Amino acid sequence: MSTPAHPLVARARRLAQDLLAPEAERVDQGWVPASHLEAIRRSGLLGLNAPVEYGGSAAPAAVAREVAEILAGACCSTWFVQTQHHTPVQTLVNGDLPVRERLLGPLARGELLSGVAYAHLRSYPRTPVRVTRERGGHRFAGTVPWYTGWGLNDVMLLAGVCDAGEVVFAFVEAREQPGLRASQPLRLAALTAARTVSLELDGLWVPDEAVAPRAPRGRWAATDRRKTLHASPAVFGVAEAALGLLDEDIAGPLRARLAEVRRAAYALADAPVPQEEPTDRPTLRTQAYEVMRAATTAAVVAGGGRAMLLTGKAQRLAREAMFLLVQGQTEESRRAHLNSLAASVAPAHGPSTGRAATSA
């Protein structure tokens, strides 16, 4: 990797080796403990992308990616809870509203932990959460299907769509209150430990001073689209952890391919954003998935029957890989991935297999 000497990378490695990886199987079968997040806070990793003047580190993108790889490879559930925190921080960095001065410092220093409740915006034209203007604030109504970190987070970045077509973001306390009710934690095939719930919003009122930057839905969607087309560092982290379970004669070729895809994906992520998105972005994202899938499958095969035990690392990594296949998924990325999977098993010659199906 390119930044092994950076202090934040060194702290992440110590945290992964001393705490996260040794506890990962136990956490996977229970819940991410608050003590894990406290250890991440003490390491300064919650302020990774926050401005120095607010108590953060303003780390380069390459450092942030390497830290994400390390944490995800050690304990994907813990990584997933803490990674939610960085989007609200960046939202405040890019905005200039009263809520910035109130929250950016505490979030940058890790005094508060934030989650996000906006993935439902990607289901447009469906609008699961609607926002209406009310004197002095806004009311949110509808259902947030997925919210991670319930019971661990202090605040959440909540989003909905108003009648004028704008996306409205606001910071809300992450607790039950009038107009906000959480389900029981969802039992998932992977990352149940991340404490994911659904949220019912019944006229939740949010004052104007808690509203974050708002934007036309189309403008927000264009920015979000660029982010979701990139390969996630967590994919490379889980793949790397799986390769660590293999003999080098098997791991070697896969590790070389992983390094090749990682270099290309990160170079593209660092490139200036063009007017037209190149097709390389979804292609590299899909290639990263393929290497991860091969690595985690190989780890299960190498582990044999022992890999089926819930105490086994290989099965946990395979399930985490399954989760990462759909994390941050959009209709566009889903179709690109499905078409790639269909093409990979199509005959070398003959008629097209046709259009790949999409999930409901």
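The text that follows walks through the structure, step by step, so that each part is easy to find. (Residues numbered from 1 in each chain as written. Predicted model: local features only at pLDDT ≥ 70, side-chain atom pairs only at ≥ 80, totals over all residues. Heavy atoms only, no water.)

**Describing helix α4 (residues 76–83)**
Side chains three or four residues apart in an α-helix point the same way, a direct result of the helix having 3.6 residues per turn.
Stage number 1. Most of α4 is tucked away: seven of the eight residues are buried.
Stage number 2. Taken as a whole, α4 has its buried residues at C76, S77, T78, W79, F80, V81 and Q82. (Buried < 20%, exposed > 50% of the residue type's maximum accessible area, 1.4 Å probe, protein only. Helix = DSSP H or I, 4+ residues; strand = E, 2+ residues; numbered from the N terminus.)

**Regarding the packing of helix α8 (residues 233–243) against helix α9 (residues 248–270)**
Stage number 1. Relative orientation of the contacting elements α8 and α9 amounts to 165 degrees, with a least axis distance of 11 Å. Between α8 and α9, the angle falls in the class roughly antiparallel. Here α8 runs over α9; the crossing is left-handed. For the pair α8 and α9, the contacting residues are P233, F236, A239, E240 and L243 in the first and A251, L254, R255, L258, V261, R262, A265 and Y266 in the second. (Axes fitted to C-alpha atoms, helices over the stretch in contact; angles between N-to-C directions. Parallel < 35°, antiparallel > 145°, perpendicular 65-115°, else oblique. Left-handed = near helix turned anticlockwise from the far one by under 90°. Contact = heavy atoms within 4.5 Å.)

**A word on the pairing of strand β7 (residues 196–207)**
Stage number 1. For strand β3 (residues 137–148) and β7, the ladder comprises 10 bridges, and the chain directions are antiparallel. In the strand pairing of β7, T143 is matched with E200.
Stage number 2. Bridging between strand β6 (residues 180–182) and β7 involves three bridges; their strand directions are antiparallel. Residue A182 lies in a different strand from β7, and its bridge partner there is L199. (Pairing = 2+ DSSP bridges.)

**Looking at the packing of helix α10 (residues 280–303) against helix α11 (residues 313–326)**
Stage number 1. At a minimum axis separation of 8 Å, α10 and α11 run at an interaxial angle of 160 degrees. Comparing their axes, α11 and α10 come out roughly antiparallel. Crossing geometry of α10 relative to α11 is assigned as left-handed. Seen from α10, the contacting residues are Y289, M292, T296, A299 and V300; seen from α11, they are A314, Q315, L317, A318, A321, L324 and L325.
Stage number 2. The class makeup of the residues in the contact of α10 with α11 is 10 nonpolar, two polar and no charged. (Nonpolar A, V, L, I, M, F, W, Y, C, P; charged D, E, K, R; others polar.)

**What about the pattern of salt bridges?**
Stage number 1. Applying the stated criterion across every chain yields a total of 21 salt bridges.
Stage number 2. In this structure, R42 and E38 form a salt bridge, with 3.7 Å as the shortest nitrogen-oxygen distance. Of this pair, R42 and E38 both sit in helix α2 (residues 34–42), separated by four residues, roughly a single helical turn.
Stage number 3. For E38, a relative accessible area of 30% gives the class partly exposed.
Stage number 4. Connected through salt bridges with shared partners, the residues E69, E240, E248, R255 and R262 form a single ionic network. (Salt bridge = Lys/Arg side-chain N within 4 Å of Asp/Glu carboxyl O.)

By themselves, these observations are geometric and do not establish any function.
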